[in-house]
Amino acid sequence: MSLLEKINNNKTPSHIAIIMDGNGRWAKQRGKDRAYGHQEGVVAVRRVVEAAAKADVDFLTVYAFSTENWNRPDEEVDALMELMVYSIVKETPDLIKQGVRLALIGDYNRLPLKAKDALDKSLKETANGTKITLILALSYSSKWEITEALKQITHDIKEKQLTSEEINEETFSNYLSTKGIPDPDLLIRTGGEKRISNFLLWQLAYAELYFTDTYWPDFDKEHLYKAILDFQCRERRFGKTSEQIKKEKL
Ligand code: FPP
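Please read these numbers as outputs of a predicted model, since none were measured by experiment.

**Description of the pairing of strand β1 (residues 15-19)**
The side chains of a regular strand alternate, residue by residue, between the two faces of the sheet. The buried count for β1 comes to five of five residues, which makes it a mostly enclosed element. The pairing of β1 with strand β2 (residues 59-66) spans four bridges and is parallel. Bridge assignment links H15 to a residue of β2, and that residue is F59. Bridge analysis of β1 against strand β5 (residues 186-189) gives four bridges, and the strand direction is parallel. Of the residues in β5, the one forming a bridge with I19 is R189.

Written out as C-alpha cells, the structure reads:
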C-alpha cells in the first residue's frame with residue numbers, strides 16, 4: 001500500500017503551509033552556491049504542488065521570500081527574484097494544465113517590476129484553476145501583515161466605514177492578506193529549525209506543527225504524505241477536552 005493510499009480522505013488537511021528551509025545548506029553539502037539550492041528548491045515546489053493536489057489538499061502556502069530575506073546579500077536577493085520570474089513564466093502553462101490557481105500574499109509593492117509583471121500574468125491565467133490554490137508568500141511577514149491590517153482598520157474607522165464595536169476575530173481576519181482563505185491545518189518546516197519565523201502568526205493559531213530535518217530540495221511526495229499521515233494521528237482539540245472531542249465524533 002502506498003503512502004498516498006494510506007491517507008484518510010475524510011481527514012485530509014484542507015490547507016498546508018510550508019516553510020521551505022535548507023536550500024543553502026543543501027547546496028553547500030554539494031559544493032555548489034546557494035542559488036543552485038534555490039533552483040532545486042523550485043523543482044521541489046513543483047513536486048509538492050502535484051503531490052498535494054493528488055492528496056486533495058485545497059490550499060498550499062509556500063514561504064518563498066520573507067520580509068527579512070530582503071536583508072540577504074544583494075546578489076542572493078537578485079538571484080532569487082530572477083529565479084522567481086523565470087520559474088513563474090516557465091511553470092504557468094503547467095499550472096493551468098494541472099488546475100492550479102495561483103494566489104499571492106505579501107508586500108507586492110516591494111517586488112521588482114519584472115516580478116510583478118510575471119506574477120500579474122500568471123495570476124490572471126491561472127484564475128480558473130479549481131484543483132488546488134497555490135499561495136506564494138512573497139516579501140511576506142506576519143508582523144508586516146498585522147501592522148498593515150491595523151493601519152487599514154484605523155483608516156476605515158476614521159472614514160466611518162467601520163466601528164470599533166464591529167471588530168472581532170472574523171472582521172480582523174478580513175483585513176489580512178489571507179482574507180477568504182481558511183487557516184492552515186498543518187504547518188511543515190523543513191531544514192531542521194523549529195521556529196515559525198514571522199510566518200502566518202495569526203492564521204497558525206490552531207495548526208498542527210510538523211518539523212523535519214530534510215532539506216527543502218530533498219523534500220518529495222513521500223515526505224509530504226508522511227507529514228499528512230502524522231497530522232491524521234493528531235487529536236485536534238481547539239481548547240476542548242479529549243472527552244468532548246470524542247463525544248462530538250459519535
Ligand atoms: C530557505 O532556504 C529558502 C528560501 C529563503 C527561498 C525559498 C525559495 C524557493 C524554493 C523558490 C520558490 C520559487 C517559487 C517560484 C515558488 P535557505 O536559503 O534559508 O537555506 P539555509 O537555511 O540552508 O541557508
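More follows now that the structure is in view.
**Re the nonpolar core**
By size, the foremost hydrophobic cluster in this structure holds 47 residues, and its most contacted members are I16, I18, L60, I188 and L224. With near-sequence residues (within four places) excluded, L224 lies in contact with I16, V48, A51, A52, I188 and F219.

**A short note on the environment of L176**
Mapped onto the fold, L176 is located in the loop between α7 (169-173) and β5. On the basis of relative accessibility, which here comes to 4%, the residue L176 falls in the buried class. Distance from L176 to E40, taken between C-alpha atoms, is 31 Å for residues 136 residues apart in sequence. When neighbours within four sequence positions are excluded, L176 is seen to be in contact with E145, I146, A149, W202 and Q203.

**With respect to the site of the ligand**
Neighbouring residues of the ligand: 16 residues in total, closest D21, G24, R25, R34 and R72. Between the ligand and the protein, one listed contact pairs an oxygen atom with a backbone N or O atom of G24 at 3.0 Å. Residue R72 places a side-chain N or O atom 2.8 Å away from an oxygen atom belonging to the ligand. Contact with the protein chains hides 91% of the accessible area of the ligand, taken as 630 Å² for the molecule alone. Elements supplying a minimum of two residues to the shell around the ligand: α2 (23-29), α3 (34-54) and α4 (74-98). In terms of residue count, the dominant contributor to the shell around the ligand is α3 (four residues).

**Remarks on helix α6 (residues 142-158)**
For α6, built from 17 residues, the straight-helix expectation of 24 Å at 1.5 Å per residue is met to within 8% by its first-to-last C-alpha distance of 24 Å. On its buried side, α6 packs onto β4 (132-140) and α7. Looking one or two residues past α6, K160 carries a phi angle of roughly 60 degrees, positive in sign.

**Describing the side chain of R189**
Structurally, R189 can be placed in strand β5. Among the polar contacts made by the side chain of R189, one reaches the side chain of D21 at a distance of 3.0 Å. Polar contacts involving the side chain of R189 include one to the side chain of S197, which spans 2.8 Å.

**Some remarks on α4**
Think of an α-helix as 3.6 residues a turn; residues three or four steps apart then line up on the same face. Taking 1.5 Å of rise per residue, the 25 residues of α4 would be expected to cover 36 Å, and the 34 Å separating its terminal C-alpha atoms lies within 8% of that figure. Along α4, the sharpest change in direction is near 45 degrees and occurs at E91; proline P93 comes one to four residues later. Considered for burial, the residues of α4 that qualify are E76, V77, L80, M81, L83, M84, V85, S87, I88, E91, T92 and L95. Structurally, α4 contributes buried residues whose contacts are with α3, β2, β3 (100-105), α5 (113-125) and β4. Two residues or fewer after α4 comes G99, characterised by a positive phi angle close to 75 degrees.

**Description of the packing of α4 against α5**
Two quantities define a packed helix pair, namely the angle between the axes and the distance from one axis to the other. It is at 9 Å that the axes of α4 and α5 come closest, and there the two elements cross at 5 degrees. Our classification of the angle between α4 and α5 gives roughly parallel. Contacts from V85, I88, V89, T92, L95 and I96 in α4 reach K114, A115, A118, L119, S122 and E125 in α5. Within the contact of α4 with α5, the residues separate by chemical class into eight nonpolar, two polar and two charged.

Rules used throughout
Each chain carries its own residue numbering, running from 1 in the written order of its sequence. pLDDT decides what is reported in this predicted model: residues at 70 or higher carry local features, side-chain atom pairs at 80 or more are listed and counted, and totals for whole chains, interfaces and linings draw on all residues regardless. Values reported for side chains reflect all heavy atoms of the structure, with hydrogen atoms and water molecules removed beforehand. Summary of the burial criterion: residues with accessible area below 20% of their type's maximum are buried, those above 50% are exposed, and those between are partly exposed, where the area comes from a 1.4 Å probe applied to protein chains only. Helix numbering and strand numbering both begin at the N terminus, where a helix is a DSSP run of H or I of at least 4 residues and a strand a DSSP run of E of at least 2. A pair of strands is treated as paired once DSSP finds two or more bridges between them. Remark: nonpolar core denotes a set of buried residues (Ala, Val, Leu, Ile, Met, Phe, Trp, Tyr, Cys) joined through side-chain atoms within 4.5 Å. A contact between two residues is defined here by any heavy atoms of the two lying within 4.5 Å. Each residue is tested against the molecule or strand, and it is near if at least one of its non-hydrogen atoms lies within 4 Å. Here a polar contact is recorded for every N or O atom pair within 3.5 Å, except that within protein the pair must consist of a potential hydrogen donor and a potential acceptor, and residues adjacent in sequence are included only if both atoms are side-chain atoms. The method behind every accessible area is Shrake-Rupley, applied with a 1.4 Å probe, and residues are considered shielded solely by the protein chains displayed. Each residue after the first adds 1.5 Å to the expected span of a helix. Bending is quantified residue by residue as the angle between axes fitted to the seven-residue window ending at that residue and the seven-residue window starting at it. Inter-axis angles, ranging from 0 to 180 degrees, are taken between N-to-C directions of lines fitted to C-alpha atoms, where helices are fitted over the stretch in contact. Orientation categories follow fixed angle ranges, with anything under 35 degrees roughly parallel, anything over 145 roughly antiparallel, 65 to 115 roughly perpendicular, and all other angles oblique. Polarity classes work like this: nonpolar for Ala, Val, Leu, Ile, Met, Phe, Trp, Tyr, Cys and Pro, charged for Asp, Glu, Lys and Arg, and polar for all others, with Gly in that last group.

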